[in-house]
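Chains, contacts and geometry: an overview
If you want the building blocks of each chain, they are given just below.
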Amino acid sequence: MVRFATPRVSGVTRGAGGTDGVEAWRSGDSHGGLPQTELHGIVTATAPRRTGAVTPGRGDGGPAPRRAAIAVRTLRQDRWWLQPLLTVLALVAFIIYSTFRAFQNAYYFAEPYISPFFSPCITTACEGDTFPKLFTGPSWISPALYILVFPLGFRLTCYYYRKAYYRSFWLSPPACAVAEPHNRYTGETRFPLIFQNVHRYFFYAGLVFNVILTYDAVVSFRDETGAWGHMGLGTLVLLANAGLLWLYSLSCHSCRHIVGGRLNHFSRHPLRYRFWTVVSRLNANHMKFAWASLFSVAFADFYVFMVATDTISDLRFF
Ligand code: FES
């Protein structure tokens, strides 16, 4: 539950309706039944803040009520900082690990498994034979770097991750009802954030990657000699990773718009309506799929690394 402290007001300006913004705010707080703690002297006037959302008018053409000028950053008393902190820690850990592995350029293939960080492996320098070798790249460039832009771009422009890293890294804002430190808000209408709008195209590229990683999971039903009809723990790991990546992609907001957007009558498009219904259900869990697939990609790579370095042996089921 979000808990707020109640400010003490030293000066108010009454609106046309006889209720000023602070009183309305206070009355809303007390009606919520939340515990109240007096913070003396933190409010000095009702002058509107220079930044943040504009208080809406009353809808009758009259002047909008003015906002309380609250000197402290927030009145929340719960641990609102915990979620952005955990987000930073998780994303930084992933970035460090994936960067190290991409530049390590080794231990990413252990027959019949290939790490998702390196798939599709498209240069002649690649280990294994899971994908056609399309060109000879300089051996000092890791094969992961040729393909990284697509999964990276897909995640960077994802609507959920945008919210997550805007809040946790840029504190814009760090949480609901917590003021952000920036003076201006320009949204995603200007360079460089306007490029977030290419998310739909990264979605298409992500689908291609999902097909390839699903193929990798299928070919992992082989043993070390290449014979089919076998399965190991690594097969399960790659299957789970491919499944979570599909869930992440199919729950994407762009996917939902592609299957059900721009329609005036669902009744005339029953098939698209059915797809839209399924995607909408998945979309409600997009955040969970975003995190689960991020961890599964890292874990799949780590599993292949452990097998490739002979730190562990793959558990073979049959
Ligand atoms: Fe997250 Fe598209 S909105 S992947």
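Attention here is on the structure that accompanies the text. (Residues numbered from 1 in each chain as written. Predicted model: local features only at pLDDT ≥ 70, side-chain atom pairs only at ≥ 80, totals over all residues. Heavy atoms only, no water.)

1. Topic: helix H2 (residues 82-104)
The condition that has to hold: Numbering goes from the N terminus for both helices and strands, where a helix is a DSSP run of H or I of at least four residues and a strand is a run of E of at least two. Helices are assigned an expected span. That span is 1.5 Å times one less than the residue count. Burial here depends on accessible area, computed with a 1.4 Å probe over protein chains only, as a share of the maximum for the residue type. Under 20% is buried, over 50% is exposed, and the range in between is partly exposed. By definition, residues are in contact when any of their heavy atoms lie within 4.5 Å.
Here H2 contains 23 residues, and its C-alpha end-to-end distance of 33 Å stays within 8% of the 33 Å for a straight helix at 1.5 Å per residue. Every buried residue of H2 is listed here: Pro84, Thr87, Leu91, Ser98, Arg101 and Ala102. Buried residues belonging to H2 abut helix H3 (143-147), helix H5 (159-168) and helix H10 (286-308). Within two residues after H2, asparagine 105 carries a phi angle of roughly 55°, on the positive side.

2. A few points about the pattern of salt bridges
For clarity, the threshold we go by: Here, a salt bridge means any Lys or Arg side-chain nitrogen found within 4 Å of an Asp or Glu carboxyl oxygen.
Tallied over the entire structure, the rule returns 5 salt bridges. A salt bridge links glutamate 111 to arginine 222, with the shortest nitrogen-to-oxygen separation between them at 3.5 Å. A residue pair is termed long-range when its members are at least 10 positions apart, and glutamate 111 in the loop between strand E4 (109-110) and strand E5 (113-114) and arginine 222 in the loop between helix H6 (199-219) and helix H7 (233-250) qualify at 111 residues. Using a relative accessible area of 13% as the deciding quantity, one classes arginine 222 as buried. Residues aspartate 314 and arginine 316 are paired through a salt bridge, measuring 2.7 Å at the closest nitrogen-oxygen approach.

3. A few points about the side chain of threonine 157
To be explicit about the condition: N or O atoms closer than or at 3.5 Å make up a polar contact, with two conditions inside protein: a donor-capable atom paired with an acceptor-capable one, and, for residues adjacent in sequence, both atoms drawn from side chains.
Structurally, the position occupied by threonine 157 is in the loop between helix H4 (149-156) and H5. A polar contact is formed between the side chain of threonine 157 and the backbone oxygen of phenylalanine 154, at a distance of 3.5 Å. Excluding its chain neighbours within four sequence positions, the residues that come into contact with threonine 157 are Arg162, Phe195, Gln196, Val198, His199 and Phe202.

4. Observations regarding a nonpolar patch on the surface
Put simply, the rule reads: Nonpolar side chains (Val, Leu, Ile, Met, Phe, Trp, Tyr) within 5 Å and like charges within 9 Å form the patches, drawn only from residues with over 30% relative accessible area and no salt bridge. Method for areas: the Shrake-Rupley scheme with a 1.4 Å probe, in which residue coverage is limited to the protein chains shown.
A cluster of nonpolar side chains, contributed by Phe103, Leu145, Leu148, Leu152 and Leu156, occupies part of the molecular surface with about 440 Å² of accessible area. Relative to the assigned elements, leucine 156 resides in helix H4. For leucine 156, a relative accessible area of 43% translates into the label partly exposed.

5. A look at the packing of H6 against H7
Note the following rule: Here an angle of 0 to 180 degrees is reported between the N-to-C directions of two axes, which are lines fitted to C-alpha atoms, with helices fitted over the stretch in contact. What sets the label is the angle itself: under 35 degrees gives roughly parallel, over 145 gives roughly antiparallel, 65 to 115 gives roughly perpendicular, and the rest give oblique. Take the far helix as your reference; a near helix turned counterclockwise from it by less than a right angle gives a left-handed crossing, and one turned clockwise gives a right-handed crossing. Ten residues, namely Ala, Val, Leu, Ile, Met, Phe, Trp, Tyr, Cys and Pro, are considered nonpolar, four, namely Asp, Glu, Lys and Arg, are considered charged, and the remaining ones, Gly among them, are considered polar.
Following both chains from N to C, one finds H6 and H7 inclined at 160°, their axes separated by 9 Å at the closest point. Taken together, the axes of H6 and H7 are roughly antiparallel relative to one another. Note that H6 runs across H7; the crossing there is left-handed. The segment H6 lies against H7, with Phe203, Leu207, Asn210, Val211, Leu213, Thr214, Asp216 and Ala217 engaging Thr235, Leu238, Leu239, Asn241, Ala242, Leu245, Trp246 and Ser249. Looking at the contact of H6 with H7 residue by residue, the classes come out as 10 nonpolar, 5 polar and 1 charged.

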